[in-house]
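# Coordinate inspection notes
So the chains spell out like this:
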Amino acid sequence: MILVDKSTKNAVLLVAVMASFLTPFMASSINVALPNIQKDFDVDAMILTWVPTTYLLSCCVFMIPLGKLADLVGRKLIFVLGISIFTVSSLLCAASPNMWAFLVFRTFQGLGTSMIFGTAMAMLATVYPPGERGKAIGMNVAVVYIGLSSGPFIGGLITEYFSWRGIFWSTIPLGLVTIFVSLRKLTWVWRYTGEEKFDILGSFLYGLSILTFMIGLSRLPALKGAGLIVVGIGLFYLFLRYELRLKFPVINLQLFRTNRAFTFSSVAALINYSATFAVTFLLSLYLQYIKGLTPKEAGLILMAQPITMAVVAPISGKLSDVIEPGKLASVGMFITSVGLFMLSFLSETTGMKAVILNLIFLGVGFSVFSSPNMNAIMNSVEKTDYGFASGVAGSMRLLGQTLSMGLAQLVFALFLGAVRITPEIYPLFMQSMKVALVLFSVICAVGIFPSIVRGNVYRRE
């Protein structure tokens, strides 16, 4: 194992946490601004769901290929490039003249984010040994939740007193600082020195299959949507067949075949995020449309969950260094499932105290799951696969988030259709929200199984 001095560890942790704050802050603050974006661009509820979905879909398509590329050409290079793309696209989003331009620039934001998350966790895992890794990962996850918790409040303030466009302007200074610190302080970041080549065709097939499948999911229940899903599955099958013939594939399928802990930890992450991400989207609409709160007030309520996560995540991350992380993550999955089911009982008359308590309970479950599960993923692979593992972990998270939004879109399509959310539609909106939350609770309950059966994680020195 390569020894790294404390100053290098601190530098990597600093740039990782700065970057890890930016993207969740953007995601959570934009959720609060969705009603204002809908009003500004005059779009219906179905198109509005593409504001988070386009960003997430872009992340999913590029995460694993760019994580693998970072292993080959250098993680610092891909990380800095990702921060730069994210910062420039934020400026373009702020200046968008219409919804279609806005969605294009959100796609580029997703590209930048995939480069950030495909490298940040890998850099942390490279410089922190197994005995310290859980704590470092827990701190990084905590900063993610600080971004999530501050996003609704700050985003609500900016939206209420200025404009939703100000949210994008606000991220640019921190993006520039992160770029500067990365160029100055990241003097040592591990990179591959072997003969492996980047799998361009495999990366293209992978991205096209994910893109086709997720667009098809968003078009359900139309027949065209089902057709696109079938095409996406077919393309992914071709991708798998092609990868199995390669010496240096973009996705190491043998790792999934032979590494039980890595495989089931990744599946557990996919299921958990599939069941949780759209909750903030649904509750943001619920609080503003049904409860009549302003963006600022809705943001304050939604802060309860990520603040809880920011407190609990470092604790659970540190515990996962001494307690089998799979066991902790399974407990977190169970708590999350119960929390989602409790949220399904929200109604027009539910008090704010009950909403906040439900969000706190859900936050405990999610943070008890996420830090130990990430530690399990990174501890289960060799150093040469850290970028790939980080990319897989990020892809599972973002693919799960995209699936979550896709399921929310499907429920909206079944209950609401392509209409604007007005007082006449509120009863149908409440019905769709309840159905979605029960569905998410069931999905999360199913995720307890792969979390439990992953077995013990072998801690590699």
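Attention in this report is confined to the structure presented alongside it. Just so it is clear, the structure is predicted and the values come from calculations on it, not from any experiment. (Residues numbered from 1 in each chain as written. Predicted model: local features only at pLDDT ≥ 70, side-chain atom pairs only at ≥ 80, totals over all residues. Heavy atoms only, no water.)

### Notes on the overall build of the chain
A count of helices and strands for the chain gives 19 helices and zero strands. Here the chain has a C-alpha radius of gyration of 21 Å; the compact-globule value for 461 residues is 23 Å, and the two agree. C-alpha atoms of the chain, sized along the principal axes, occupy 60 × 45 × 45 Å. Looking at the 461 residues of the chain, the share that counts as buried comes to 63%. A separation threshold of at least 6 residues defines the contact pool for the chain, and within that pool the share at least 24 residues apart is 85%. For the chain, the exposed surface amounts to about 17500 Å²; the carbon and sulfur share of it is 71%. (Helix = DSSP H or I, 4+ residues; strand = E, 2+ residues; numbered from the N terminus. Rg over C-alpha atoms; globule rule 2.2 N^0.38 Å. Buried < 20%, exposed > 50% of the residue type's maximum accessible area, 1.4 Å probe, protein only. Contact = heavy atoms within 4.5 Å. Areas by Shrake-Rupley, 256 points an atom, 1.4 Å probe, with all protein chains shown as cover.)

### Let's talk about empty space enclosed by the protein
A full pass over the atoms with the stated rule returns three cavities of 30 Å³ or more. In terms of lining, the second largest cavity is formed by Ala-27, Ile-30, Asn-31, Pro-52, Tyr-55, Leu-56, Arg-106 and Phe-277. Only α1 (6-41) and α3 (50-73) provide two or more residues apiece to the lining of the second largest cavity. For the lining of the second largest cavity, the class distribution of residues is six nonpolar, one polar and one charged. (1 Å grid on protein atoms, 1.4 Å probe; cavity = no way out; pocket = protein on both sides within 12 Å on 5 of 7 lines; lining within 4 Å. Points joined across faces, edges and corners; volume = space filled by probe spheres on them. Nonpolar A, V, L, I, M, F, W, Y, C, P; charged D, E, K, R; others polar.)

### Digging into the packing of aromatic side chains
Going through the model one piece at a time under the given rule, you end up with 14 aromatic pairs. Between Phe-341 and Phe-345, the aromatic rings sit 5.2 Å apart at their centres with planes inclined by 90°, giving edge-to-face as the arrangement. When its relative accessible area of 56% is taken as the criterion, Phe-345 is described as exposed. (Phe/Tyr/Trp six-rings, centres within 6.5 Å; stacked < 30°, edge-to-face > 60°.)

### Overview of the layout of surface pockets
One number sums up the size of the largest pocket: a volume of about 420 Å³. What lines the largest pocket is a set of 21 residues, and nearest its centre among them are Tyr-206, Ile-210, Phe-236, Met-396 and Leu-399. Where the lining of the largest pocket is concerned, the elements lending two or more residues are α9 (200-219), α10 (223-244), α11 (253-258), α12 (260-276) and α18 (386-415). Its residues placed into classes, the lining of the largest pocket shows 17 nonpolar, four polar and no charged. Of the pockets and cavities examined, the second largest pocket occupies roughly 230 Å³. Around the second largest pocket, the lining residues are Ile-47, Trp-50, Thr-54, Leu-57, Ser-58, Val-61, Phe-62, Trp-100, Leu-103, Thr-107 and Leu-211. Counting only elements with at least two residues in the lining of the second largest pocket, the list comes to α3 and α5 (99-117). Residue contributions to the lining of the second largest pocket peak at six residues, all from α3. Class assignment for the residues of the lining of the second largest pocket results in eight nonpolar, three polar and no charged.

### A closer look at the nonpolar core
Counting residues in each nonpolar core, the largest one holds 135 residues, and the members touching the most others are Ile-37, Val-51, Phe-79, Phe-102, Tyr-286, Phe-429 and Phe-440. The greatest single-element share of this core, amounting to 15 residues, is contributed by α1. Other than its neighbours up to four places away in sequence, Ile-37 contacts Ile-30, Asp-42, Leu-48, Val-51, Met-99, Phe-102 and Trp-164. (Core = buried A, V, L, I, M, F, W, Y, C linked by side-chain atoms within 4.5 Å.)

### A few points about the packing of α12 against helix α16 (residues 325-343)
As a packed pair, α12 and α16 sit with axes 11 Å apart at the nearest point and diverge in direction by 20°. Regarding the angle of α12 to α16, the classification is roughly parallel. Seen along the crossing, α12 lies across α16 with a hand that is left-handed. In this structure, α12 contributes Ala-268, Asn-272, Ala-275 and Thr-276 to the contact, and α16 contributes Met-333, Thr-336 and Leu-340. When the residues that make up the contact of α12 with α16 are grouped by side-chain class, the tally is four nonpolar, three polar and no charged. (Axes fitted to C-alpha atoms, helices over the stretch in contact; angles between N-to-C directions. Parallel < 35°, antiparallel > 145°, perpendicular 65-115°, else oblique. Left-handed = near helix turned anticlockwise from the far one by under 90°.)

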